[in-house]
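These are the residues of each chain, in order.
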Amino acid sequence: MTIDTALEIAGRSFSSRLIVGTGKYASYKQNAEAARAAGAEMVTVALRRVNWSDPNEERLQDALAPSEFTYLPNTAGCFTADDAVRTLRLAREAGGWTLVKLEVLADQKTLYPDMEETLRAAKALIGDGFDVMVYCSDDPVYAQKLEEAGCCAIMPLGSLIGSGLGIQNPLNIRLIVEQARVPVIVDAGVGTASDAAIAMELGCDGVLMNTAIAEAKDPILMASAMKHAVIAGRESYLAGRMGRRLYADPSSPLAGLI
Amino acid sequence: MQIFLNGEAREVEANSTLLTLVLSLGGDPRGIAIERNLEIVPKSEHESTILQPNDHLEIVQFVGGG
């Protein structure tokens, strides 16, 4: 039987192929329970101004300790390369690590990645010693450019951030997977477990999601469902699916019929 | 003297350091990053960095995000 290997990103090894976000949960405590139910080893985090008005405010690190989960600082809310680079330099100072998730967005309505700015930011960050996992459109040409620039993981959208519309262009995801020499992780768009399984069946190396778990009626149960979906999709991909036929092919022998 | 902290004007005592400012605000120096006039000040220099009038500080931390 084929045995799966670990997910390797920038020299780090992960046994879980599911990365989860830390936004939109009722509390950081619920967030931590969901991350554990998902079996996640890596969580995305954002960087924001300290809120001095409430020193007793719940702190992310207290519920989701960096010793338990690898933090992947993001640049959510950045609309220019300069803002993204500035944010991640601060994140490196706050956390002390270089593995980051770059996203440079084009507009508030779609949160679609601005690929020109994304590529510019990726080059600047890589030049500055960062390991860049990059959120991108599902354009195979730009995915290739990002890989050539030195990004350590390519993370195309399945559909718009927070939309829950699943993998809208499986052909492009497959094209990106075929050409990539670094891990490909579907980031954004997953709405339900089957979407995650489809991403993995397309040959992706992992899936990153936030809203699908956080906005489920029972986030902990959905986190568990996503864990199983990612494993199922991965094993299905490795196992190699049967061929498609137009007509039926009986599973019981034709010989010996009474 | 006046400084600008996370976009808001604030009065601090002359000769305050970055570390005393953070502690006086009830902040936890762990897990934060400080940018002073668009330059990051490494943690190792928080104690020795003396605030100047009209300094613009950004003090940030990790929060939940997707």
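Residues numbered from 1 in each chain as written. Chains lettered and ligands numbered in written order. Predicted model: local features only at pLDDT ≥ 70, side-chain atom pairs only at ≥ 80, totals over all residues. Heavy atoms only, no water.

**A few points about the sheet that holds strand S6 (residues 99–102) of chain A**
Residue and element names in this part refer to chain A. Applied cut-off: What makes two strands pair is DSSP finding at least two bridges between them. A run of H or I in DSSP becomes a helix once it reaches four residues, and a run of E becomes a strand once it reaches two; helices and strands are each numbered from the N terminus. Helix axes use the C-alpha atoms of the stretch in contact, all axes being lines fitted to C-alpha atoms, and the angles between their N-to-C directions lie in the range 0 to 180 degrees.
Taken together, 3 strands build an open sheet; the order of strands is S6-S7-S8 and the sheet is parallel. Either end of the sheet is taken by a strand with one partner, and the two such strands are S6 and strand S8 (153–156). Sheet twist, expressed as the mean angle between neighbouring strand axes with direction ignored, is 20 degrees. In the sheet, S6 pairs with strand S7 (residues 131–136) via 4 bridges, with the strands oriented parallel. What sits directly across from Leu 99, in S7, is Asp 131.

**Quick word on unusual backbone geometry**
We apply this condition: Partly exposed describes any residue whose relative accessible area lies between the buried limit of under 20% and the exposed limit of over 50%, with all areas from a 1.4 Å probe on protein chains only and scaled to the type maximum.
Its identity as a non-glycine residue notwithstanding, Ala188(A) has a phi of 95 degrees, on the positive side. Summarising the element assignment, Ala188(A) is placed in the loop between strand S9 (185–187) and helix H7 (193–201). Residue classification places Ala188(A) among the buried positions, given a relative accessible area of 9%. Phi at Leu38(B) takes a positive value of approximately 70 degrees, unusual for a residue other than glycine. Secondary-structure assignment places Leu38(B) in the loop between strand S3 (32–36) and strand S4 (39–41). You can call Leu38(B) exposed: its relative accessible area is 65%.

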